[in-house]
Structure formats: C-alpha cells, structure tokens
Amino acid sequence: MTRFLTKLVLFLGAVISFMGLTVMVGWHTQTAWLVQWHPTLVAMVHNTAVSFTLMGACLILAKLGYRRWVIGLCAIVTLLSITVFMQYVLDADLGIDQLFVQHFITTKAVHPGRMAANTAICFMVGGMTLLLASLQSVTHKALLLAIGGSIVTGIGLTAILGYLMDAQSAHGWGLWTRMAIQTAITFFCMGIGMIALAWEGEKRRVGRWPFWLPVQIFILLSSVVFAVWIAIDMAHNSLKMQLSIYQILSTWFPLLGTITALLISLLTYLTLMTLHHSERMSQEVVERKKAEAIAIAASQAKSEFLANMSHEIRTPMNAIIGFSDLMLHTQLTLQQQDYVTKIDQSAHSLLRVINDILDFSKIEAGRLDMEHKEFSLTEVMERLTSVMTVKSSGKGVRFSVRVADSVPTCLVGDSLRLSQVLTNLASNAIKFTHRGEIAIAVDRVSESEREVVLQFTVQDSGIGMTAEQLSRLFQPFQQADTSITRQYGGTGLGLVISKRLVEMMSGKIQASSTPDVGSCFSFTARFTRSSVDHRVQREEVSQDRVAELLSGRPTQPHCTRH
C-alpha cells in the first residue's frame, strides 16, 4: 500500500505539472484549444498555469525529500495567490494579471487574465500546507497535509459538479472570474496528491490507516452537498415555483446533506477503530507466537544442555561409586571405613539428584520415550517391596502392598517408568513417615478387550500437608515447605517427573493430605493387555513376604505363554 501511494503522488505531481505546462504553451503559442477546451467554457489563465506547474513540481520534490526546493516554490505560489486575492478584496489592479503573457482570449470576466478567487484560495491553501509540512519544526505534518488536501479537493470537486449541473455559483463567485473546468480537475488531482502524500507518511510512521480520514470524507461530502444545493437553488429560482419540490429541497437539503455527511464520517471512524483494534490484536497474537517460539526454543536448549551435562556428570559419579564400593571391601581402619562409607552414601545421593535432573531435562526436551514391552506386574510390585521394606524397617514403619484380584498379571507397557513412579512416591512416603504404616494398593479402574486402566494408591501416616502446601506440589524445584529441603533433602523434582511419566502413560496423578494424619497419592495408568492374562492372587506383600524373597527361593510368578 505504501508503494502504491508513493507512485500515486509522483504520478499526480507529473499530471499537474504537465497540465500547467500545456496551458503555458497554449498561451505563448496562442493555441486556443490548449487554453480553452471549448469556446463556451472559461479559459485557464497564465498565472494559474504557472502555479500548477510549480505545485506539481512541489509534490514530486516533497516525496523525494527536497525540502528547500519545496519551501521556495511553495512560497512563490503562495505569494502570487495572496496578491491575486488581495486584488479582489481591495478592488485594485496590481498589474500581475497579465504579467507574463498578453491575454488574447475574450471572456465575460470583469478582470480578463486574472485567476478566479476560489482558484487563488486553493493555491494559498495548497502552497501554505506544503510549505509548512516541509519545515522540520512543524509537528503533525500528515494531519496538516490531509486537511489542506481535503479543502483543495473539495473546492475542485464543487467546481466540477457546478459544471456538470450547470450551477455557475459552484465554480465562480458573483461577478468575479470563474474557475475553468481544467482548473477544477487539476485542483482535484492536486488535493488527492496531497492526501496521498499524507496517507503515505502516516502508513510509513504508524503502519495503519489515519484516524483523520473521517475529516476528509466530511469535507468532500460537504462539497458535494454544497454544489448540489446550489444547483437545486438555481433551478428553484429559474422555475419560480414557490410550492415546488425544488423549494422543499432547497430548504432542507443542506441540513439533511450535512447530517448524512456526519453519519458517514462517524461510520468511517468506527470502522477505522475496529480495523485498528483487529490489526493490533493480530499483531499481538503474532508477537505472542514469536515470543512463545523463542521461549520454547530456549527451554529446549536449556533442557538439552542439562541433559548433556547430567550425562557427563553421571559417568564419573558411577566411577566414584564403584571404586568406593571396592574400597569398602578392602582392609581399612575404622576411620577410613567411616570416610569411605560417607563418600559412598554422598555419591549415591548425588547420583539420585543427577538422575532426577537428567530425567526432567529429557522430559522437557521431549527426548524421553516410553517402552512397550510385556512385563509381570507381580514382579514389579515384589521388587518394589523388597527395596522399600528395607528402608521402612529401619524406621520401624510397616510397609505393605495389596493387589486386587481383578488386576491382570501380564501387561504391555514401560515397567521401568512404572517402577520409577512407584519408587518416587514410596520413597517420599517413607521419608516423611516416622511411625505407623505405608500401604500401596493396586486396583482395576476399567478394562476393555485390548487395554486396562489401573489405579495405584500410596497411603502413609506421615506428617501430612496443608492445602497451601498441596497447591505447590508437582511444580519443578518446589516442595511443600521450604524447611523440608534442609531437614529431609531432595530437589523437588521427584513428583514433577512422576506426574510427567504418569501423563505419558495416559493417566492422571492426584494427592490429598491432612496435617499430622498422613497423605495419599494416587495415579492411574493405561496398559495394553498381554496375550497371556493371569490374575494376581490376592495377598498382602509385607515384611514376611520380603523375607521369603530374600531367602533365595523362586517364589516370584512369571508371565508364561500358552
């Protein structure tokens, strides 16, 4: 749109200068048809042609950025038009009407060779507008050009309509010289060029349609109303019919026309406001999407960095754990054994933190894939029991597992990630429980021919949490209480990782808790049914069951195919 407006300004400037130069050639060569399009029409005088030549050049130079030339040429046009208008006001002849050429065409004008009064006003408005808009100290240049261009366009349009409707008062005032038809057309082009220059500057500055467009529309519509009203009034006077339709139109048309122009201008303003609001919303959406894309890219880069760093750190940590374990099996003094034991414990704790960060960063980067392999749920639960019972028995807390009869034994899914979620929840329960019991229950929620949805519940009788503390769960690097980090340790990533893993298993996790009573974490997970489907025998897996498992007897059930 900006490129079109630029081309329009340059084209109209060239047309205006060409029109002025053509008439100047007609006056100097005394070619009547170049000056007067028809013997019955008014001729464009030489001073008007000179002014048009300069004003067309001013439009082109203003667009190209030659401010000093614009100021000089507009000053000449403005001074000439003011002098002509003062001749009308003072009823004087200052000798400039035929300054450059002898007026050879006879007309009925009182002052042959003098430009019309409305022509002088147009040149004053256009010249002063372009002159002021070229000054650096002037602000709101686009608005100034728009209003000046609208006035020039309105006067030119009024004169054109006056010729079309044979209303002489529309293109001439009283006995003064009337505006020529080619002058009116050229003024219309000059006004449009000034408006296009204003629009181009506003679009380049703020990138939208100007809010002063309704003012231009009102001026143009008012010009049409004025010209039509003059034509109606002249028709009424010529017919001399006091009760005719012309009398009614002559009385009410100016008011109705002005109201219509105001309504159209108001409608234009509201349309511009709507378009501006829509463009602003679209721009905000685009900017928001760009910001989101940048944020996602930054988050992925951060996650990939953390994943790489965690992997690089985990490798030497495994070496430290391995060598510390080997040292513990050598002959050490009591003090050395104490030191190495603490090193081994700290290394294991650090490795757990690194593993959590590695899993979290992989999830954030979308690089964690879920396996779909056949596994035995019984084996998963018994391995969990064997590990957690050792931890809970050291604190004097009872640990039990209950699996409902309706739960299938053999499933297809990621047993490692399921064990990770259960281990996180069970470890948290043991960490925050000092007496009582920790119970894990597995129930069937729904079942189809191909899939089954199971619910896992971890209930403890620990310290519990308040509602405010519950609201901070499942957030990265957050714990229910800031003092917990110092008292119990941990990064706060375990529950976040568990939540993401549960969601990757098409499930949901939730928690409820009562202070000093205990907490309950439960989650659902969707698995594919195995081709071999046994039911788990209903039994409670407790410390006694762990004793059997640790004794080395092969009591664990396995998935078999028939």
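Residues numbered from 1 in each chain as written. Predicted model: local features only at pLDDT ≥ 70, side-chain atom pairs only at ≥ 80, totals over all residues. Heavy atoms only, no water.

Peer 1: Quick question: what am I supposed to make of helix H11 (residues 377-393) here?
Peer 2: Helical periodicity: at 3.6 residues per turn, an α-helix aligns residues three or four positions apart in one direction. Here H11 is 17 residues long and its end C-alpha atoms lie 24 Å apart, about the 24 Å a rise of 1.5 Å per residue gives. Restricting attention to buried positions, one finds in H11 the residues Leu377, Thr378, Glu379, Val380, Met381, Glu382, Leu384, Thr385, Met388, Thr389 and Ser392. (Helix = DSSP H or I, 4+ residues; strand = E, 2+ residues; numbered from the N terminus. Expected span 1.5 Å × (residues − 1). Buried < 20%, exposed > 50% of the residue type's maximum accessible area, 1.4 Å probe, protein only.)

Peer 1: Which parts of the structure should I look at to understand unusual backbone geometry?
Peer 2: With the exception of glycine, most residues fall at negative phi, and the peptide bonds are largely trans. Here Gln30, not a glycine, exhibits a phi torsion of approximately 55°, which is positive. Relative to the assigned elements, Gln30 resides in the loop between helix H1 (2-29) and helix H2 (32-35). Located in the positive-phi region is Asp516, a residue other than glycine, with phi close to 65°. By the secondary structure assignment, Asp516 is in the loop between strand E6 (509-514) and strand E7 (518-529).

Peer 1: Would you mind going over the packing of helix H3 (residues 46-64) against helix H5 (residues 117-133) with me for this structure?
Peer 2: One way to put it is that H3 packs onto H5 with a least axis distance of 11 Å and a crossing angle of 25°. As the angle between them shows, H3 and H5 are arranged roughly parallel. For the element pair H3 and H5, the recorded crossing hand is left-handed. Mapping the contact onto sequence places Thr48, Ser51, Phe52, Met55, Cys58 and Leu59 in H3 and Thr119, Phe123, Gly126, Gly127 and Leu130 in H5. Of the residues that constitute the contact of H3 with H5, the class distribution is six nonpolar, five polar and no charged. (Axes fitted to C-alpha atoms, helices over the stretch in contact; angles between N-to-C directions. Parallel < 35°, antiparallel > 145°, perpendicular 65-115°, else oblique. Left-handed = near helix turned anticlockwise from the far one by under 90°. Contact = heavy atoms within 4.5 Å. Nonpolar A, V, L, I, M, F, W, Y, C, P; charged D, E, K, R; others polar.)

Peer 1: Sorry if this is basic, but what is going on with the packing of aromatic side chains here?
Peer 2: In this description, a pair of aromatic rings is defined by centroid distance and the angle of the planes. For the coordinates displayed, the defined rule picks out five aromatic pairs. Both rings, one in Phe456 and one in Phe523, keep their centres 5.0 Å apart while their planes meet at 15°; by these two values the pair is stacked. On the criterion of sequence distance, the pair formed by Phe456 in strand E5 (residues 451-460) and Phe523 in strand E7 is long-range, its members being 67 residues apart. Accessibility classification places Phe456 together with Phe523 in one group, the buried group. Of the aromatic side chains, those joined through ring pairs into one cluster are Phe52, Phe123 and Phe187. The ring of Tyr88 has Arg114 lying over it, and the distance from NZ or CZ to the ring centre is 5.2 Å. (Phe/Tyr/Trp six-rings, centres within 6.5 Å; stacked < 30°, edge-to-face > 60°. Lys NZ or Arg CZ within 6 Å of the ring centre and 35° of its normal.)

Peer 1: What's the story with the packing of H5 against helix H6 (residues 141-164) in this structure? I'm lost.
Peer 2: The relative placement of two packed helices is expressed as an angle between their axes plus a distance between the axes. Following both chains from N to C, one finds H5 and H6 inclined at 165°, their axes separated by 9 Å at the closest point. It follows that H5 is roughly antiparallel to H6 by the angle criterion. In this structure, H5 meets H6 at a crossing whose hand is left-handed. Residues Asn118, Ile121, Cys122, Val125, Gly126, Thr129, Leu130, Leu132 and Ala133 of H5 form the contact with H6, whose own contacting residues are Lys141, Leu144, Leu145, Gly148, Ile151, Val152 and Ile155. Of the residues assigned to the contact of H5 with H6, the class counts are eleven nonpolar, four polar and one charged.

Peer 1: Would you explain a nonpolar patch on the surface in this entry?
Peer 2: On the surface, Ile82, Met86, Val89 and Leu90 cluster together to form a nonpolar patch covering roughly 350 Å² of accessible area. Note on placement: Leu90 falls in helix H4 (residues 67-90). Relative accessible area serves as the criterion here: at 58%, Leu90 is assigned to the exposed category. (Patch = residues over 30% accessible without salt bridge, like charges linked within 9 Å, V, L, I, M, F, W, Y side chains within 5 Å. Areas by Shrake-Rupley, 256 points an atom, 1.4 Å probe, with all protein chains shown as cover. Salt bridge = Lys/Arg side-chain N within 4 Å of Asp/Glu carboxyl O.)

Peer 1: Help me understand the environment of Met317, please; the structure alone is not making it clear to me.
Peer 2: Assignment of secondary structure puts Met317 in helix H9 (residues 245-328). Accessibility expressed as a relative area gives 8% for Met317, which makes it buried. Between the C-alpha atom of Met317 and that of His348, which follows or precedes it by 31 residues, the distance is 8.3 Å. If sequence neighbours within four positions are ignored, Met317 has contacts with Ala347, Leu350, Leu351 and Ile354.

Peer 1: What am I meant to see in the pairing of E5 here?
Peer 2: Residues in a regular strand project their side chains so that they alternate between the two faces of the sheet. Along E5, seven of the ten residues are buried, which leaves the element largely enclosed by surrounding structure. As defined by bridge partners, strand E4 (residues 437-447) adjoins E5 across nine bridges and the pair is classed as antiparallel. Bridge pairing links Ala439 to Gln459 in E5. The antiparallel hairpin formed by E4 and E5 contains three residues in its connecting segment. Bridge count for E5 against E7 is nine bridges, and the pairing is antiparallel. Counterpart to Phe456 in the pairing with E7 is Phe523. (Pairing = 2+ DSSP bridges.)

Peer 1: Just checking my understanding: could you explain the side chain of Asp344 for this structure?
Peer 2: Its location among the elements puts Asp344 in helix H10 (residues 334-365). According to the relative accessible area criterion, Asp344 is buried, its value standing at 14%. Within the structure, the side chain of Asp344 is placed 2.9 Å from the side chain of Ser324, a separation counted as a polar contact. (Polar contact = N/O pair within 3.5 Å; in protein donor to acceptor, adjacent residues only side chain to side chain.)

Peer 1: Looking at this structure, I do not really get the pattern of salt bridges. What am I missing?
Peer 2: Side chains that differ in sign of charge can pair as their charged atoms come close. Within this structure, the stated rule accounts for nine salt bridges. Put simply, Lys63 and Glu200 hold a salt bridge, and the shortest N to O gap is 3.9 Å. Residue Lys63 is located in helix H3, and its partner Glu200 is located in helix H7 (residues 181-206); the two are separated by 137 residues in the primary sequence. Summarising the burial analysis for this pair, Lys63 and Glu200 share the class buried. We note a salt bridge from Glu451 to Arg526, for which the minimum N-O separation is 3.3 Å. Taken together, the positions of Glu451 in strand E5 and Arg526 in strand E7 put the pair 75 residues apart, joining distant regions of the chain. What emerges from the salt-bridge pattern is a single network uniting Arg444, Glu447 and Arg529.

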